[in-house]
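Report on the structure
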Amino acid sequence: MNWSFQLYSARNFQPWDKVLKLLGQAGYSQVEGFGGVYDDPRAFRAELDRNGLSMPSAHFSIDALENDFDGVRRIADAFGVKLLVCPYLVAEARPTDAAGWRGFGERLAKAGEAAGKAGYGFAWHNHDFEFEALPDGSVPMQHVLSSAPEIGWEMDVAWAVRGGADPLPWIDRHGDRIAAVHVKDIARPGEGLDEDGWSDVGHGTLDWAGLMKVLREKTPASYFIMEQDNPNDVERFARRSIAAAKSW
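A brief look at the structure comes next. Everything numeric here is computed off the predicted structure, so don't read it as measured data. (Residues numbered from 1 in each chain as written. Predicted model: local features only at pLDDT ≥ 70, side-chain atom pairs only at ≥ 80, totals over all residues. Heavy atoms only, no water.)

A few words on the environment of Gly-116. Positionally, Gly-116 belongs in helix 5 (residues 98-117). In this structure, the C-alpha to C-alpha distance between Gly-116 and Ala-209, residues 93 residues apart in sequence, is 33 Å. (Helix = DSSP H or I, 4+ residues; strand = E, 2+ residues; numbered from the N terminus.)

The structure is reproduced here in structure tokens:
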């Protein structure tokens, strides 16, 4: 199995050439891009190639997707990206009711249509806020998925759990939409205090062995991407996480 690594996890551990060397040596074959690595795509791509890494998926902001799609295409093509992922909506831009979230889903649907016409897959990546109840009791993620029926979902399981969701029913209902998975773990009580409550994958509270079995059976996900939002030691995180994953 090809394991990927979200480069955002290593943003505080520069330089990138050392990070990519570490990932290649640790056994990763793929990475997922984010805005912090797009300044010189040709040079970064050469460094990926040097370390036996590819970038089949990458994150792009809703602003870039809506207002500079040509720029997104140039970056994606330089890296060989196949799946464009919209990763986040800043707090001040988040809708506060069901109608607003349906409207945002329609924006994602248009971005996904443009991506599809250009030959890419497209997905939305969740955090916790998509699972927090709105005033009418519904949750934003349902409105996003229902109002953008053609787009995929990059499921961040740990963020969904932090938002109060049980991931298994969501996988049951929407497994055919899950194009990629962020493999992330939540620290045990009293641990990870300087890492925003996250842990190395396989060393926290989520049953990743069981989750991977379900995800393989019920989704067409092509990319399984290790991530830790704020590790204090990226080498330890990268090596321990892929070692745990290989035991599943």
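Anyway, onward from the coordinates.
As a further point, take the nonpolar core. Grouped burial of nonpolar side chains is what soluble globular proteins tend to show. Residues Phe-5, Leu-7, Leu-23, Tyr-28, Met-55, Leu-84 and Trp-208 are the most contacted members of the largest nonpolar core, which totals 79 residues. When sequence neighbours within four positions are dropped, the list of residues in contact with Leu-23 reads Phe-5, Leu-7, Tyr-28, Val-31, Leu-53 and Ala-238. Leu-83, Val-85, Ala-123 and Ile-225 belong to the second-largest nonpolar core, a separate cluster that totals 7 residues. (Core = buried A, V, L, I, M, F, W, Y, C linked by side-chain atoms within 4.5 Å. Buried < 20%, exposed > 50% of the residue type's maximum accessible area, 1.4 Å probe, protein only. Contact = heavy atoms within 4.5 Å.)

What follows covers helix 1 (residues 16-26). Those residues of helix 1 that sit buried are Trp-16, Val-19, Leu-20, Leu-22, Leu-23 and Ala-26. Viewed along the axis of helix 1, the buried residues span an arc of 155 degrees, placing them on a single side of the element. Those residues of helix 1 that are exposed and angled more than 90 degrees off the buried face are Lys-18 and Gln-25. Residues of helix 1 that are buried sit in contact with strand 1 (3-6), strand 2 (30-33), helix 2 (41-50) and helix 10 (234-246). Of the residues trailing helix 1, Gly-27 is marked for its positive phi of about 110 degrees. (Arc of directions from axis to C-beta.)

With that out of the way, let us pick up the pairing of strand 3 (residues 54-59). Among the 6 residues of strand 3, 5 are classified as buried, and the element is accordingly described as predominantly covered. As judged from the 3 bridges shared by strand 2 and strand 3, these two strands associate in the parallel manner. Across the sheet, the residue bridging to Gln-30 is Ser-54, located in strand 3. Each parallel crossover has a hand, and the one from strand 2 via helix 2 to strand 3 is right-handed. In this sheet, strand 4 (residues 83-86) lies alongside strand 3 in parallel orientation, the contact comprising 3 bridges. Considered in strand 4, the bridge of Ala-58 is made with Leu-84. (Pairing = 2+ DSSP bridges. Right-handed = clockwise from strand over helix to strand, strands pointing away.)

Tallied over the entire structure, the rule returns 13 salt bridges. With a closest N to O distance of 2.9 Å, Arg-236 and Asp-200 form a salt bridge. With a gap of 36 residues between them, Arg-236 in helix 10 and Asp-200 in the loop between strand 9 (198-199) and helix 9 (208-218) connect regions that are remote in the sequence. Taking relative accessible area as the criterion, Arg-236 reaches 25% and is therefore assigned partly exposed. Across the pair Arg-240 and Asp-200 runs a salt bridge whose closest N-O atoms are separated by 2.9 Å. Of this pair, Arg-240 sits in helix 10 while Asp-200 sits in the loop between strand 9 and helix 9; the two residues are 40 residues apart in sequence, bridging distant segments of the chain. Using a relative accessible area of 36% as the deciding quantity, one classes Arg-240 as partly exposed. (Salt bridge = Lys/Arg side-chain N within 4 Å of Asp/Glu carboxyl O.)

This part takes up the pairing of strand 2. What you see with strand 2 is no split at all: Gln-30 and Glu-32 on one side and Val-31 and Gly-33 on the other are buried throughout. Pairing of strand 1 with strand 2 involves 3 bridges; the strand directions are parallel. In the strand pairing of strand 2, Ser-4 is matched with Gln-30. Taking the sense of rotation as the criterion, the β-α-β connection linking strand 1, helix 1 and strand 2 turns out right-handed.

This brings us to the layout of surface pockets. Approximately 260 Å³ is the volume found for the largest pocket. Taken together, 16 residues line the largest pocket, and the ones lying closest to its centre are Tyr-8, Phe-34, His-59, Pro-87 and Tyr-88. (1 Å grid on protein atoms, 1.4 Å probe; cavity = no way out; pocket = protein on both sides within 12 Å on 5 of 7 lines; lining within 4 Å. Points joined across faces, edges and corners; volume = space filled by probe spheres on them.)

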